[in-house]
Amino acid sequence: MKMKTETLKRFKGRIKGLAAMGLVVAMAFGMMPSVQAKADSEIEYPSYYFVRAGDKGKLIADRLCSGYFDYYSEMGKPFEGDWYLDKDLNVEDSIRNDFINVADRSEMENTKTIKVSYYGGLNTLSYGYVGKSDSVECYIDGVKQPDIQVYYYSGLYGRACEKIKPFEVGEYDITLHTEKPVWTIELNNIANVTSVAFDKTELNLKQGDVGQKLATSPALNPNRFNWESSDSGIATVDATGTVTPVKGGTATITATMKTDPSIKATCTVKVESKEVTENPQAVQTEEPSVDRSADTMETGLKITQNKKGLKVKWDAEADAAKYEVYAAYLGKKNPDKIETTTNSAQIKTIGGKAIDTKKNYEIYVVAYDSKGNKIGTSLKAFVAGKDSAKYTNAKKIKVAKKVSVKKGKTAKVKPTITLADKKKKALAKKYAADVRYFSTDTSIATVSKAGKIKGVAKGSCTVYAIAKNGLAAKIKVTVK
């Protein structure tokens, strides 16, 4: 597919030093101070641009098709801003007159609705990248668009869709897929949608599980649909398409397009009842012990915070084939879920948006065997955001590495917690004790909430001492 000569000239005239019209996107993101953000139904412009710089991305609209500016960036080096863009792709004041912010990366990942207005046949979607980035590709109505190199300047490249037929006047849902190194823009013309399907035809959940979100193919804004459960006593569904199990049974989730009820998608949801077993408690004659050996993963959680978000690591669980990592802001319900087959995960977003490092989080891990049976759950980690104004996390937990105790006798351990920032405090005890304990084998030794280890039978086991943020220390216990 070749771009007409006059079109290429127009691109060059508008962009000048910019590698592609897609890179003009960047100048659009900083909206005029007097212009407020618009609702989806009001976003209607003749041209749109997307720019990527590393793990950042932004979609901009050109109000008048009149933008142009000089630009410079060295390919292969991290983008640090220029005359017109700052390092976060925000538009400088000098070029805010013609460009309007539409969406950032997280908003596009959750699907955004845009409208394309007529402007003399010059309707375009353009996209590109700057600095040290992998590329961007585009699909319109399921068809991959050929890459057209619009311009090359000082080592900076860009790509643009063919400008006329693929991007017609109308209403579109635009979704950004960032799972792979090369990001994909999926653009669907609503006028061309004749059928939809869910990404899964059957969803198996367990009573008490967190909700799971259903996605449509093609990717469309969930707000386009009326969502309904055939039995809300078994499973409910909200306006985002998130299905939450209530009790055992089977229900059908249906999403019906508001503008055309003949277009709908269905998914069968099977909810497994939560098993309730009697667990009579022995009569306590002393401080109660903490027995979580039957359902607790034998691990703490090592959580580090970096530019990409939250990195979570844990000890591999025997017989585990899959892990689910759950993360939410402290006190909030419906945590995000990440699935992995390894004993680590990178959490990049919470609630579908970039992580707010000033807030605090709760994180835990669930392990499953190859048959999908739950085999363990970690203790929850309560983590202060790295930019929290008041709170900090445990940096180190120091405790005796070995404890020897006779059968029937006790020994108390006294851990010492070192905080990462001495000027701040740990999160409140209402979330968790400063140190929590559990024994890997309560038939050998038990441990109380206060850290008192009691010998039960000859042998050895491990007692874990775990700080609020999941940081763990292991104590080898020998009972003589």
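Each chain has its residues counted from 1, following the order in which its sequence is written. In keeping with the model being predicted, local features are shown solely for residues with a pLDDT of at least 70 and side-chain atom pairs are shown and tallied solely at 80 or more, while totals for entire chains, interfaces and linings include all residues. Where side-chain values are given, they derive from all heavy atoms of the structure, hydrogens and water being excluded.

J.: Report on the nonpolar core, specifying residues and quantitative values.
T.: In this text, buried Ala, Val, Leu, Ile, Met, Phe, Trp, Tyr and Cys residues form a nonpolar core when linked through side-chain atoms within 4.5 Å. Summary of the burial criterion: residues with accessible area below 20% of their type's maximum are buried, those above 50% are exposed, and those between are partly exposed, where the area comes from a 1.4 Å probe applied to protein chains only. Core analysis: the biggest nonpolar cluster contains 23 residues, and Val 243 and Val 269 have the highest contact counts within it. Counting residues per element, the ones that place at least two in this core are β13 (202-206), β16 (225-229), β17 (235-237), β19 (249-257) and β20 (264-272). When checking whether two residues touch, look at their non-hydrogen atoms; a contact exists if any pair is within 4.5 Å. Ignoring any residue separated from it by four or fewer positions in sequence, one finds Val 269 in contact with Leu 203, Leu 205, Ala 235, Val 243, Gly 249, Thr 250, Ala 251 and Ile 253. Counting 22 residues, the second-largest nonpolar core is a separate cluster that includes Phe 50, Leu 59, Ala 103 and Ile 114. Each helix is a run of H or I in the DSSP string that is no shorter than four residues. Each strand is a run of E no shorter than two, and both are numbered from the N terminus.

J.: Any details on the sheet that holds β20? Residues and values, ideally.
T.: Across the sheet, four strands lie side by side as β13-β20-β19-β16; this open sheet has mixed pairing. The open sheet terminates on both sides in strands that have one partner only, identified here as β13 and β16. With strand direction ignored, the average angle separating the axes of adjacent strands in the sheet is 20 degrees. Pairs of strands are assigned from DSSP output, requiring at least two bridges between the strands. Alignment of β13 against β20, held across five bridges, turns out to be parallel. By the bridge assignment for β20, Leu 205 is matched with Val 271. Every axis corresponds to a line fitted to the C-alpha atoms, with the helix fit spanning only the stretch in contact, and the corresponding angles, defined between N-to-C directions, vary from 0 to 180 degrees.

J.: Help me get a handle on the pairing of β16, residues and values and all.
T.: Along β16, the buried face is formed by Phe 225, Trp 227 and Ser 229; none of Asn 226 and Glu 228, which line the opposite face, is buried. Bridge count between β16 and β19: five bridges; the pairing is antiparallel. The partner of Glu 228 across the bridge, within β19, is Thr 254.

J.: Account for the packing of aromatic side chains, naming residues and giving values.
T.: Aromatic contacts are taken between Phe, Tyr and Trp rings whose centres are within 6.5 Å, Trp giving its six-membered ring; a plane angle under 30 degrees counts as stacked, one over 60 as edge-to-face, and the others as tilted. As enumerated under the stated definition, the model contains seven aromatic pairs in all. Ring plane angle 15 degrees and centroid distance 5.0 Å describe the contact between Tyr 326 and Tyr 364, whose orientation is recorded as stacked. Separated by 38 residues along the polypeptide, Tyr 326 in strand β23 (residues 322-329) and Tyr 364 in strand β28 (residues 360-368) bring together distant segments of the chain. Linked through ring pairs, Phe 198, Phe 225 and Trp 227 together constitute an aromatic cluster. Any Lys NZ or Arg CZ that is within 6 Å of a ring centre and within 35 degrees of that ring's normal is treated as a charge sitting over the ring. Here Arg 52 stacks its cationic end above the ring of Trp 183, 3.9 Å away from the centre of that ring. Lys 359 extends its terminal NZ or CZ atom over the ring of Tyr 329, reaching a point 4.7 Å from the ring centre.

J.: Run through the sheet that holds strand β14 (residues 212-213), naming residues and quoting values.
T.: Spatially, three strands are ordered β14-β18-β17 in an open sheet, and the strand pairing comes out antiparallel. Each edge of the open sheet is held by one strand with a lone partner, namely β14 and β17. Two strands pair when backbone bridges link them, and β17 and strand β18 (residues 242-245) are joined in this way by three bridges, in the antiparallel orientation. Across the sheet, Thr 236 pairs through a bridge with Thr 244, a residue of β18.

J.: Account for the confidence of the model for the protein, naming residues and giving values.
T.: What pLDDT conveys is the predictor's confidence in a given residue, as a value from 0 to 100. When the pLDDT values of the protein are averaged, the result is 77; 74% of them are 70 or greater. The low-confidence segment residues 66-75 (pLDDT under 50) makes 52 contacts with residues lying over four places distant or belonging to another chain. Low pLDDT, under 50, characterises residues 276-294; the predicted model gives this stretch 23 contacts beyond four residues in sequence or across chains.

J.: Go over unusual backbone geometry, please, and point to the residues and values.
T.: Look at the link from Ser 217 to Pro 218: it is a cis peptide, with omega at 0 degrees. Its location among the elements puts Pro 218 in the loop between β15 (216-217) and β16. Unlike most non-glycine residues, Asp 141 shows phi in positive territory, near 50 degrees. Note on placement: Asp 141 falls in the loop between β7 (136-140) and β8 (143-144). Given the relative accessible area of 32%, Asp 141 is considered partly exposed. Unlike most non-glycine residues, Asp 319 shows phi in positive territory, near 70 degrees. With respect to the secondary-structure elements, Asp 319 resides in the loop between β22 (309-313) and β23.

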